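# Geometric and topological summary
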Amino acid sequence: MALLKVKFNQKKRVKLAQGLWLMNWFSVFAGILVFSMGLFLKIELRKRSEVMDNSESHFVPNSLILMGILSCAFNGFAGKICYDSLDPTKFAKWKPLLKPYLALCFFFNILLFLVALICFLMRGSLESTLAQGLKNGMKFYRDTDTPGRCFMKKTIDMLQIEFKCCGNSGFKDWFEIQWISNRYLDFSSKEVKDRIKSNVDGRYLVDGVPFSCCNPSSPRPCIQYQVTNNSAHYSYDYQTEELNLWRRGCREALLHYYSSMMSSMGAVVLLVWLFEMSVMVGLRLLHTSLESIANPEDPECESEGWVLENSLKDTFKSALESLKKIGKFNQVEAGAEGAEGEEGGKTPAITTVS
């Protein structure tokens, strides 16, 4: 029994073709939207590529860009088919291409659905990328005189100001790295010498943070140096007082920003996928309803359209059988080639008569 079997007359076929033509052009605009989202996400990721460890995060925008281009191409082609289906003479040239085209549409929709899922599932990969990238970026914060790294201080400062964050996972991350350049350290000072000697790696570590970690909304002047030293500041208790530094780490802030963006894009792609699926089903109904016309010379006669010629279970079984036949055919061919090789390799026996 055919799946989603529908009876059509001439009027219904025309309405279906016109409706599909319109839906295909809507799908072209949806493809442009998906392409634009991918391009926007790629630009946003490139803006902060200095604090990302690798290019894995660009897989999502690249996939969106590709799906957008394919959507425009597939739906533009389908729109032409739907328009020509109103004229039997024009539609005749598309008949041999419709089955392969619908198969391609099926695989395209699978890919589109996978891209939508990837938009929701890339959080873990993005988090590790940001964690390592921010860690490396903070290490290079002091290298304002080093070619290729002199921009990193500005990048980190602007990032912390824009996203109201501090450090990788929190402001204490700055305590573990030397973020002040040697150029601005007085090595004749006893305090500087003691701090460097007290560290195994010979780094100048302080319990302080860059100015960009300061929260301007705090009524108290920013305490960015000697953050953990209660005696260094009047009426100050490091353990209990609400510090006037950003509490949230930049990894969490960026992860929330990009994850919410990707989730929104994933939801849009899912809606586009549902629309594409309905277009594909409609195109299949149009295709079968036109093919099943009993008398091609009488276009006004009734016909039947369906999505699958047999039930879903029977279609699945026939597909499995076809795959098995292909596998057996390949095995037979391989066996025949092996047998020919063995026969060719045999040396014919020569009998001598004395």
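Refer to the structure presented above.
Throughout what follows, the structure given in this document is the object of discussion. (Residues numbered from 1 in each chain as written. Predicted model: local features only at pLDDT ≥ 70, side-chain atom pairs only at ≥ 80, totals over all residues. Heavy atoms only, no water.)

## A word on the state of the cysteines
Note the cut-off: Disulfides are defined in this document as cysteine sulfur pairs within 2.5 Å. Every helix listed is a DSSP run of H or I at least four residues long, and every strand listed is a run of E at least two residues long, numbered separately from the N terminus. Partly exposed describes any residue whose relative accessible area lies between the buried limit of under 20% and the exposed limit of over 50%, with all areas from a 1.4 Å probe on protein chains only and scaled to the type maximum.
Scanning all chains against the criterion turns up three disulfides. A sulfur-sulfur separation of 2.1 Å characterises the disulfide bridge that pairs cysteine 165 with cysteine 250. Sign of the S-S torsion, about 85 degrees for the bond between cysteine 165 and cysteine 250, identifies this disulfide as right-handed. Of this pair, cysteine 165 sits in the loop between α6 (152-163) and α7 (190-197) while cysteine 250 sits in helix α8 (residues 250-291), and the two are 85 residues apart along the sequence. Each sulfur of the disulfide joining cysteine 166 and cysteine 213 lies 2.1 Å from the other. On the sign convention where negative means left-handed, the S-S torsion of about 85 degrees between cysteine 166 and cysteine 213 marks this disulfide as right-handed. Pair noted here: cysteine 166 is in the loop between α6 and α7 and cysteine 213 is in the loop between α7 and α8, with a separation of 47 residues, a long-range link. Relative accessible area serves as the criterion here: at 0%, cysteine 166 is assigned to the buried category. Since its relative accessible area comes to 0%, cysteine 213 is described here as buried. When the cysteines of the protein that form disulfides are numbered from the N-terminus onward, they connect as 1-6, 2-3, 4-5.

## Re the nonpolar core
Applied cut-off: What is meant by a nonpolar core is a set of buried Ala, Val, Leu, Ile, Met, Phe, Trp, Tyr and Cys residues, joined one to another through side-chain atoms within 4.5 Å. Reported domain spans reflect what an automatic or database domain assignment gives. Contact criterion: two residues are considered in contact whenever any of their non-hydrogen atoms come within 4.5 Å of each other.
With 79 residues, the main nonpolar core has Leu41, Leu64, Phe171, Trp174, Val209 and Val227 as its most contacted residues. Looking at this core, the elements that each hand over two or more residues are α1 (10-47), α2 (59-84), α4 (95-121), α5 (123-139), α6, α7 and α8. For this core, the leading source of residues is α8, giving 16 residues. Of the residues that make up this core, three or more belong to each of domain 1 (3-137 + 252-307) and domain 2 (180-247). Leaving out residues up to four positions away in the same chain, phenylalanine 171 has contacts with Cys166, Val209, Val227, Tyr238, Leu243, Leu245, Trp246 and Arg247.

## Here we look at unusual backbone geometry
Even without glycine at this site, lysine 164 takes up a positive phi of about 50 degrees. The topology assignment puts lysine 164 in the loop between α6 and α7.

## Overview of the packing of aromatic side chains
What counts, and what does not: Within 6.5 Å between ring centres, the rings of Phe, Tyr and Trp (the latter by its six-membered ring) count as paired, and their orientation is classed by plane angle as stacked under 30 degrees, edge-to-face over 60, tilted in between.
A complete count under the given rule lists 12 aromatic pairs for this structure. Ring centres 5.2 Å apart and planes at 70 degrees place the aromatic pair tyrosine 141 and tryptophan 174 in the edge-to-face group. Taken as a pair, tyrosine 141 in the loop between α5 and α6 and tryptophan 174 in the loop between α6 and α7 lie far apart in primary sequence, 33 residues in all. Between tryptophan 174 and tryptophan 179, the aromatic rings sit 6.2 Å apart at their centres with planes inclined by 75 degrees, giving edge-to-face as the arrangement. Of the two residues examined, tryptophan 174 and tryptophan 179, each falls in the buried class. Here the aromatic residues Phe74, Phe77, Tyr101 and Phe108 are joined through ring pairs into a cluster of three or more.

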